[in-house]
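Overview (structure and organization)
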Amino acid sequence: MADLRAAVEFCMEQPDEEAKDEVSTSTQTTEVAKPDVVEVERKFVLPDDFEQKLSDIGASFLQKKTLTDMYYDTDDYRLTLSDHWLRQRNGTWELKCPPSLRKSDSQNMSCQYAEYTKEIDIVQTCAAVLDVDSRDMTVDSLITHSNFYKFATLVTHRKSYAVDNFTIDLDVTDFGFQVGEIETLVVDQSRIADALTKIDKLAEKLGFRDLWTAPVLDVSLPSTTTTEAT
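Residues numbered from 1 in each chain as written. Predicted model: local features only at pLDDT ≥ 70, side-chain atom pairs only at ≥ 80, totals over all residues. Heavy atoms only, no water.

1. Description of the pairing of strand β7 (residues 166-173)
The line we're drawing: Between buried and exposed lies partly exposed: a residue is buried under 20% and exposed over 50% of the maximum accessible area for its type, with that area taken using a 1.4 Å probe on protein chains only. Helix and strand definitions follow DSSP, with helices as H or I runs of at least four residues and strands as E runs of at least two, each counted in order from the N terminus. The rule for pairing is simple: two strands pair if DSSP sees at least two bridges between them.
A large share of β7 lies buried, amounting to six of its eight residues. As paired elements, strand β6 (residues 149-163) and β7 share eight bridges and run antiparallel to each other. Looking at β7, one finds that S160 is bridged to D169. Connecting β6 to the antiparallel partner β7 that follows it, the hairpin turn spans two residues, and D164 within it adopts a positive phi of roughly 50°.

2. Quick word on the pattern of salt bridges
Short version of the rule: Any Lys or Arg side-chain nitrogen found within 4 Å of a carboxyl oxygen on Asp or Glu counts as a salt bridge.
A complete count under the given rule lists 12 salt bridges for this structure. K43 is the partner of E41 in a salt bridge, and the nearest nitrogen-oxygen pair spans 3.3 Å. Overall, E41 belongs to the buried group, its relative accessible area being 1%. Notably, a salt bridge pairs R89 with D69, separated by 2.7 Å at the nearest N-O pair. One end of the pair, R89, is in strand β3 (residues 85-89); the other, D69, is in strand β2 (residues 60-73), with 20 residues separating them in the sequence.

3. A short note on the packing of aromatic side chains
Under the convention used in this document: In this scheme Phe, Tyr and Trp rings, the latter by its six-membered ring, pair at centre separations within 6.5 Å, and the angle between planes marks the pair as stacked below 30 degrees, edge-to-face above 60, and tilted otherwise.
Counted according to the given criterion, the structure contains eight aromatic pairs. When the centroid spacing of 5.9 Å and the interplanar angle of 55° are considered together, the rings of F44 and F208 count as tilted. One end of the pair, F44, is in strand β1 (residues 37-45); the other, F208, is in the loop between α5 (192-206) and β9 (209-210), with 164 residues separating them in the sequence. Pairing F50 with Y161 gives two aromatic rings, centres 6.4 Å apart and planes at 90°, and the pair type is edge-to-face. In this pair, F50 is assigned in helix α2 (residues 50-56) and Y161 in strand β6, connecting sequence segments 111 residues apart. For the pair F50 and Y161, one class covers both residues: buried. Through pairs of rings, three or more aromatic residues link up here, namely Y71, Y77, W85, Y149 and F151.

4. Let's talk about α5
Test applied: By definition here, a helix of n residues has an expected span of 1.5 Å times n minus one. By arc we mean the arc of the directions from the helix axis to the C-beta atoms, nothing more.
Over its 15 residues, α5 extends 21 Å from the first C-alpha to the last, a length consistent with the 21 Å expected when each residue adds 1.5 Å. All buried positions along α5 are accounted for by I192, A195, L196, I199, L202, A203 and L206. The buried residues of α5 occupy one face: seen down the axis, they fall within an arc of 125°. Every exposed residue of α5 that faces more than 90 degrees away from the buried side is listed here: K201, E204 and K205. Downstream of α5 by a residue or two, G207 has a phi angle that is positive, lying close to 75°.

Below, the structure is given as structure tokens:
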């Protein structure tokens, strides 16, 4: 998510201390846009030989890049507590939120998100959660109007691979949090269950362990929520 949810949840415990402008809020309703795509993914702990296993199944290396994600919300976390994740990734606004037909799968902690990248869709979707009038608003004006602040900054180093219709990412933050994910995109929400089944079969072939059922590892966490990019 990528909008690193476990790391973001950690950061929510220690919010950035930044100035917050006091602005009144409207209570008019707004129409919600339809998502561009639904992102279906699972998080995994990777085996030490994961790169060899990727090679064995014919996965191709895509790229290596650094992501700087800045997450924004109200001071009472009205978006994140509704599982809406507003972030600015390398300068571009993105929003992840539950699709209307999210599959219930609490045992394996699956992640299924609608992803918005158009500014008007981001504004309308956030405004619906906040119950504000989004007319003539940009993301920047919504942030000012609703008294948002930046509660977390994550710098992530990502290596990406591809096999069939799946993307496999290895993410490592500057403070040592490491996670792998298998992801695919669907445009029809009725295909979410099928996508999850295929992700599980691919993970089993690669020997990946579900992040939420694997043994807890000791990770040194930062003293603040902000890590500067290098």
